[in-house]
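Here are the chains, one letter per residue:
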Amino acid sequence: MSETNLFESKLELVRSHIRSFPDFPKKGIVFRDVCPILKNPAALAALTDLFEEHVRTSYQQVDLIVGLDARGFLFGPLLAQRLGLGFVLIRKKGKLPGSTTSVTFDLEYGQAEVEIQDDVVDPGQKVLIIDDLLATGGTLCAAWELLKQQQAEVLGCLVVIELLDLQGKNKVKPLPVFSLTHY
Ligand SMILES: O=P(O)(O)OC[C@H]1O[C@H](OP(=O)(O)OP(=O)(O)O)[C@H](O)[C@@H]1O
Ligand SMILES: Nc1ncnc2[nH]cnc12
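Source: prediction; values computed, not measured.

Rules used throughout
- Residues numbered from 1 in each chain as written.
- Chains lettered and ligands numbered in written order.
- Predicted model: local features only at pLDDT ≥ 70, side-chain atom pairs only at ≥ 80, totals over all residues.
- Heavy atoms only, no water.
- Salt bridge = Lys/Arg side-chain N within 4 Å of Asp/Glu carboxyl O.
- Helix = DSSP H or I, 4+ residues; strand = E, 2+ residues; numbered from the N terminus.
- Buried < 20%, exposed > 50% of the residue type's maximum accessible area, 1.4 Å probe, protein only.
- Expected span 1.5 Å × (residues − 1).
- Contact = heavy atoms within 4.5 Å.
- Near = heavy atom within 4 Å.
- Polar contact = N/O pair within 3.5 Å; in protein donor to acceptor, adjacent residues only side chain to side chain.
- Nonpolar A, V, L, I, M, F, W, Y, C, P; charged D, E, K, R; others polar.
- Axes fitted to C-alpha atoms, helices over the stretch in contact; angles between N-to-C directions.
- Parallel < 35°, antiparallel > 145°, perpendicular 65-115°, else oblique.
- Left-handed = near helix turned anticlockwise from the far one by under 90°.
- Pairing = 2+ DSSP bridges.
- Phe/Tyr/Trp six-rings, centres within 6.5 Å; stacked < 30°, edge-to-face > 60°.
- Lys NZ or Arg CZ within 6 Å of the ring centre and 35° of its normal.

J.: Which residues make up the pattern of salt bridges, and what are the values?
T.: Evaluated as defined, the whole model comprises eleven salt bridges. Of the charged contacts in the structure, one is a salt bridge between K10 and D49, with a shortest N-O distance of 3.0 Å. One end of the pair, K10, is in helix 1 (residues 3-15); the other, D49, is in helix 3 (residues 41-58), and 39 residues separate them in sequence. The buried category is assigned to K10, whose relative accessible area is 18%. The residue D49 makes a salt bridge to R82 at a minimum N-O spacing of 2.9 Å. With D49 in helix 3 and R82 in helix 4 (residues 72-83), the pair connects residues that are 33 residues apart, well separated along the chain. Salt bridges here are not isolated pairs; linked through shared partners, they connect K10, D49, E52, R56 and R82.

In structure tokens, the structure reads:
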């Protein structure tokens, strides 16, 4: 199979394992569920391959992968392992022990506060943020803000799904966002 066909077949495998649930968790929201990807080893391997290839071809040096609560934790450690890098968590408020910094922000359906432990990222470290989905961009912006406060250099973001009509990419400009699928 050619490189292009292999890329397309991996992408299709990932796409075909995303389920859509209308009116969850609120009327008018179409919830995009990545859980079927986890249930299918080939789809999960394909997703990790695609992220790995993107990172290897787009960045000369990355020091750390930072995952967002909760579904960024599903894909981030797999990618970090492939790249031989460490993985760090940004969590919803109140879950992390020790000294932390937090930021409040608006979601597509509600408000949230995320935080990071103050000693898990070294100043100047080059980091990539990973999550399952980009909606309004509020979560990514908050994560970016937290990492800036830790004096990390955020290189970009990786998501499985981008919801185009919410224009989250504009909100996080000029941070590059790589998304595998779009709705
Ligand atoms: O671009 P945004 O508008 O900020 O939305 C995207 C975020 O919303 C979802 O998480 P959610 O807050 O539902 O948390 P969960 O992963 O713990 O379910 C999703 O997993 C992203 O993290
Ligand atoms: N439509 C959606 N589906 C899944 N997770 C989300 N987070 C924010 N919007 C979402």
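J.: Just give me the short version of helix 3, but keep the residues and values in it.
T.: Under the 1.5 Å per step criterion, the end-to-end length of helix 3 is 26 Å for 18 residues, consistent within 8% with the ideal 26 Å. When helix 3 is considered as a whole, its buried residues turn out to be A43, L44, A46, L47, T48, L50, F51, E52, H54 and V55. Buried positions along helix 3 lie against helix 1, helix 2 (35-39), helix 4, strand 7 (126-134), strand 8 (153-162) and strand 9 (177-182).

J.: Now, about the site of ligand 1: what can you tell me, with residues and values included?
T.: As a matter of local geometry, ligand 1 sits amid 16 residues, with K92, D131, D132, T136 and T139 nearest to it. At 2.5 Å, a side-chain N or O of D131 approaches an oxygen atom of ligand 1. Separating an oxygen atom of ligand 1 from a backbone N or O atom of G137 is a distance of 2.8 Å. Elements supplying a minimum of two residues to the shell around ligand 1: strand 7 and helix 5 (138-149). Among the residues making up the shell around ligand 1, the classes are represented as six nonpolar, four polar and six charged.

J.: I'd like to hear about the packing of helix 3 against helix 4, residue by residue, with values.
T.: Running from N to C, helix 3 and helix 4 cross one another at 55°; their axes reach a closest spacing of 10 Å. Comparing the axis directions of helix 3 and helix 4 gives the class oblique. Judged by the sense of rotation from one axis to the other, the crossing of helix 3 with helix 4 is right-handed. Contacts between helix 3 and helix 4 pair L44, A45, L47, T48, D49, F51, E52, V55 and R56 from the former with F75, L78, L79, R82 and L83 from the latter.

J.: Go over the sheet that holds strand 8, please, and point to the residues and values.
T.: Spatial strand order, 5-6-4-3-7-8-9: seven strands in an open sheet with mixed pairing. Strand pairing shows two members of the sheet lacking a second neighbour, strand 5 (100-107) and strand 9, which therefore form its edges. Between one strand axis and the next, the sheet turns by 25° as a mean value, whatever way the strands run. Its contacts with the sheet put helix 5 on strand 3 (64-68), strand 4 (86-92), strand 5, strand 6 (110-117), strand 7, strand 8 and strand 9, and the angle it makes with strand 5 is roughly 160°.

J.: An account of the environment of E145 is requested, with residue identities and associated values reported.
T.: Relative to the helices and strands, E145 resides in helix 5. C-alpha of E145 to C-alpha of S102: the two residues are 43 residues apart in sequence and 9.3 Å apart in space.

J.: So what's going on with the packing of aromatic side chains? Residues and values would help.
T.: All chains considered together, the criterion is met by three aromatic pairs. Consider the rings of F24 and F31, whose centres lie 5.2 Å apart with planes at 90°: the pair is edge-to-face. According to the relative accessible area criterion, F31 is buried, its value standing at 14%. Ring geometry for F73 and F87: centres 6.3 Å apart, planes at 85°, overall edge-to-face. Of the two residues, F73 sits in helix 4 while F87 sits in strand 4, which places them 14 residues apart along the sequence. Between K148 and the ring centre of W144, over which it is positioned, the NZ or CZ distance is 4.4 Å.

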